Amino acid sequence: RKRKIPSNKFHKLWFTVEWRKLVNSVNPGTYKNESREARLVIPMFNKEGKIESMQGRALKSNDPNKYITIKACENASKIYGLDGVDEKKLVYFLEGPIDTLFLENSCAITGGSLSLDVVPYKDNRAFVLDNEPRHPDTIKRMRSLIDKGENIVIWDKAPWVTSDINDMLVKENANLEEVVNYIKNNVVYGLEARLRFEKWAKV
């Protein structure tokens, strides 16, 4: 509730105090020590509604492993939100699963970057990376997406300075409808994306 997550999305967030035991039940031998560890558990379902992967989010701010993504099998997808996507509409790809709880028809790429070849909806997708004009990795990824002709959202005209949707709502008391409208109205590609990106980036 403090994170302003809509109550109708609470069921998408699970919890365990036995994270290591849970992981070992999926991938035996991952942890030699099954000591208790509390984590938020974010299950990732495929299009058929079956769990393929899960992400464990640390509850302590100083935990060195804030996010840990576990795959049930080698070919399991690490894309969150596939079970709730309407392929006929534009699909938004965000950086974190929690942000997708605020934006309809969105997914998140978890566990690091993925090759665009394995990201679905090639002809009907837009990437919404974090609002981090001074972060070298974010800038590098955004520039690569623009170079490859992808649809992308640029935060250059946004009134918010925090990095993601959830922070905008919690730390800046942003209006969710305004944030969503900004995203939908600022999907660009090609030359327009490049010009706006170059003005926005500070690296």
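The rules behind the values
Residues numbered from 1 in each chain as written. Predicted model: local features only at pLDDT ≥ 70, side-chain atom pairs only at ≥ 80, totals over all residues. Heavy atoms only, no water. Helix = DSSP H or I, 4+ residues; strand = E, 2+ residues; numbered from the N terminus. Polar contact = N/O pair within 3.5 Å; in protein donor to acceptor, adjacent residues only side chain to side chain. Buried < 20%, exposed > 50% of the residue type's maximum accessible area, 1.4 Å probe, protein only. Pairing = 2+ DSSP bridges. Core = buried A, V, L, I, M, F, W, Y, C linked by side-chain atoms within 4.5 Å. Contact = heavy atoms within 4.5 Å. Salt bridge = Lys/Arg side-chain N within 4 Å of Asp/Glu carboxyl O.

A. Structural context of the side chain of Ser106. Relative to the helices and strands, Ser106 resides in strand β7 (residues 106–109). At 3.3 Å, the side chain of Ser106 and the backbone oxygen of Thr100 are in polar contact.

B. Fine view of the pairing of strand β8 (residues 125–128). Of the two faces of β8, the one lined by Arg125 and Phe127 and the one lined by Ala126 and Val128 are each fully buried. Bridge count between strand β6 (residues 91–94) and β8: 4 bridges; the pairing is parallel. Along β8, the bridge assignment pairs Leu94 with Val128. Bridge count for β8 against strand β9 (residues 151–153) is 2 bridges, and the pairing is parallel.

C. Highlighting the nonpolar core. Core analysis: the largest hydrophobic core is formed by 49 residues, its most contacted members being Phe93, Trp155 and Ile183. Apart from the residues within four sequence positions on either side, Phe93 is in contact with Ile79, Cys107, Ile109, Val119, Pro120, Tyr121, Arg125, Ala126, Phe127 and Val128.

D. Structural detail: the pairing of β7. The side-chain alternation of β7 yields two buried faces, one formed by Ser106 and Ala108 and the other by Cys107 and Ile109. Pairing analysis gives 2 bridges linking strand β5 (residues 79–80) to β7, with the strands arranged antiparallel. Residue Tyr80 lies in a different strand from β7, and its bridge partner there is Ala108. Pairing geometry for β6 and β7, over 3 bridges, is parallel. From the neighbouring strand, Tyr92 faces β7, where its bridge partner is Ser106.

E. The sheet that holds β5, seen in detail. In space, the 6 strands of this open sheet follow the order β5-β7-β6-β8-β9-β10, with mixed pairing throughout. Edge positions in the open sheet fall to β5 and β10 (187–188), since each of these has one partner strand only.

F. Region of the structure containing the pattern of salt bridges. Counting across every chain of the model gives 13 salt bridges. One salt bridge connects Glu37 with Arg20, and the closest N-O pair in it is separated by 3.1 Å. With a gap of 17 residues between them, Glu37 in the loop between α1 (19–26) and β2 (39–45) and Arg20 in helix α1 connect regions that are remote in the sequence. Residue classification places Arg20 among the partly exposed residues on the basis of a relative accessible area of 23%. Across the salt bridge formed by Asp147 and Arg194, the nearest N and O atoms sit 2.9 Å from each other. Here the residue Asp147 occupies a position in helix α3 (residues 136–147), and Arg194 occupies one in helix α6 (residues 190–200), the gap between them amounting to 47 residues. On the basis of relative accessible area, Arg194 is assigned to the partly exposed category, the value being 34%. Here the salt bridges share partners, and the residues they tie into one network are Arg20, Glu37, Arg39 and Asp63.

G. Just the environment of Leu114, in detail. As for its placement among the helices and strands, Leu114 is situated in the loop between β7 and β8. Taking the relative accessible area as the measure of exposure, Leu114 reaches 27% and is therefore partly exposed. Linking Leu114 and Ile79, residues 35 residues apart in sequence, is a C-alpha distance of 9.2 Å. Among all residues touching Leu114, those that are not within four sequence positions of it are Ile79, Ile109 and Val119.

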